[in-house]
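Topology and contacts: notes
What follows is the residue order along each chain.
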Amino acid sequence: MTAWYLLHCKAKQEHRAALHLQNQGYDSYLPQWQQEKLVKGSKTLVTEPLFPNYLFVNLDAGHANFNAIRSTRGVNGFVRFGGVPATVPAQLMASIKQQAQQPQASKPLFAPESTVEVTAGPFAGLQAIYKASKGSDRALILLSLLGQEQELEVTLKELKAV
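Going by what an unreviewed UniProt entry lists, the protein is known as Transcription antitermination protein RfaH and is assigned to Alkalimonas mucilaginosa. Its UniProt record gives the protein a comment under Sequence similarities (unreviewed entry), which states: "Belongs to the RfaH family." Quoted verbatim from the Function (unreviewed entry) heading of the UniProt record, the comment on the protein is "Enhances distal genes transcription elongation in a specialized subset of operons that encode extracytoplasmic components."

Shown next as structure tokens:
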């Protein structure tokens, strides 16, 4: 009888581990999602693992070579509880796979009206209110200066979420 197991992978080597497991004939699953990030100063849609450093593998415990899987490139080992490799319930795996099939709405880098901190320039260290995106790498913020709120245009790489 097959069951899903959870593997702990080496840092940023989930794809490598999945490829090598597939080459050995094992069924693995790496759930991924898309997120908007700043890359070299501009907003980019990046696909990343949903669970960084983890990978699911479907095995028949009676026939699987656990030592070979543990020695696969990119794999640190099985997630264990009490020395026994942890199994993932089939219902949970079905739910994760179903969620991954649904189209994802990209999450914006900053939500309107959220508090941000300016990290560079003459206003470095000050907190502001994020108003809106202006192009691919700029934003409008509301900064309180001398008792009045001023609307400023800054680059996204000058902001960080608070």
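Moving on, there is more to tell.
A few words on a nonpolar patch on the surface. Side chains of Leu 50, Phe 51 and Tyr 54 sit close together on the surface and give an oily, nonpolar patch of about 240 Å² of accessible area. If you trace the backbone, Leu 50 turns up in the loop between strand S4 (42–49) and strand S5 (54–60).

Looking now at the pattern of salt bridges. In this structure the tally under the stated criterion is three salt bridges. Ionic pairing is found between Glu 153 and Lys 134, a salt bridge with its closest N-O pair at 3.1 Å. Of this pair, Glu 153 sits in strand S13 (residues 148–155) while Lys 134 sits in strand S11 (residues 127–134), placing them 19 residues apart in sequence. Classification of Glu 153 as partly exposed rests on a relative accessible area of 36%. Among the residues examined, Lys 134 registers a relative accessible area of 41% and is labelled partly exposed. The shortest N-O distance in the salt bridge between Glu 153 and Arg 138 comes to 2.8 Å.

Okay, the packing of aromatic side chains next. In the structure shown here, the tally under the stated rule is five aromatic pairs. Here the aromatic rings of Tyr 5 and Phe 78 are separated by 6.1 Å at their centres, their planes lie at 85 degrees, and the arrangement is edge-to-face. Of the two residues, Tyr 5 sits in strand S1 (residues 2–9) while Phe 78 sits in strand S6 (residues 75–78), which places them 73 residues apart along the sequence. Each ring, one from Phe 110 and one from Tyr 130, has its centre 5.4 Å from the other, and the planes form 45 degrees; the classification is tilted. Linking Phe 110 in the loop between helix H3 (90–101) and strand S10 (115–118) with Tyr 130 in strand S11, this pair joins segments that are 20 residues apart in sequence. The burial state of Phe 110 is the same as that of Tyr 130; both residues are buried. An aromatic cluster of at least three residues, connected via ring pairs, comprises Tyr 5, Phe 66 and Phe 78. The positively charged end of Lys 97 is found above the aromatic ring belonging to Tyr 29, 5.2 Å away from the centroid.

Turning to its location among the elements, Glu 14 is positioned in helix H1 (residues 14–23). Buried and unpaired, Glu 14 has Lys 12 as its nearest opposite-charge partner, separated by 7.3 Å. A distance of 2.6 Å separates a polar side-chain atom of Glu 14 from the backbone nitrogen of Asn 53. Beyond its immediate chain neighbours, meaning those up to four positions away, Glu 14 contacts Cys 9, Leu 30, Pro 49, Pro 52, Asn 53, Tyr 54 and Leu 55.

Here the focus is the environment of Leu 30. Here Leu 30 shows up in the loop between strand S2 (27–29) and strand S3 (32–39). Counting along the chain gives 97 residues from Leu 30 to Gln 127, while the straight-line C-alpha distance between them is 38 Å. Among residues more than four places away in sequence, those in contact with Leu 30 are Glu 14, His 15, Pro 49, Tyr 54 and Leu 55.

Residues that lie three or four places apart on an α-helix share one face, since the helix turns once every 3.6 residues. Residues of H1 that are buried: Glu 14, Ala 17, Ala 18 and Leu 21. Taken down its axis, H1 places every buried residue within 100 degrees of arc, on the same side. Phi turns positive, to about 90 degrees, at Gly 25, one or two residues after H1.

Reading the values: the criteria
- Residues numbered from 1 in each chain as written.
- Predicted model: local features only at pLDDT ≥ 70, side-chain atom pairs only at ≥ 80, totals over all residues.
- Heavy atoms only, no water.
- UniProt positions renumbered as here; feature names shortened; annotations may be inferred.
- Patch = residues over 30% accessible without salt bridge, like charges linked within 9 Å, V, L, I, M, F, W, Y side chains within 5 Å.
- Areas by Shrake-Rupley, 256 points an atom, 1.4 Å probe, with all protein chains shown as cover.
- Salt bridge = Lys/Arg side-chain N within 4 Å of Asp/Glu carboxyl O.
- Helix = DSSP H or I, 4+ residues; strand = E, 2+ residues; numbered from the N terminus.
- Buried < 20%, exposed > 50% of the residue type's maximum accessible area, 1.4 Å probe, protein only.
- Phe/Tyr/Trp six-rings, centres within 6.5 Å; stacked < 30°, edge-to-face > 60°.
- Lys NZ or Arg CZ within 6 Å of the ring centre and 35° of its normal.
- Lys, Arg positive; Asp, Glu negative; His and termini not counted.
- Polar contact = N/O pair within 3.5 Å; in protein donor to acceptor, adjacent residues only side chain to side chain.
- Contact = heavy atoms within 4.5 Å.
- Arc of directions from axis to C-beta.

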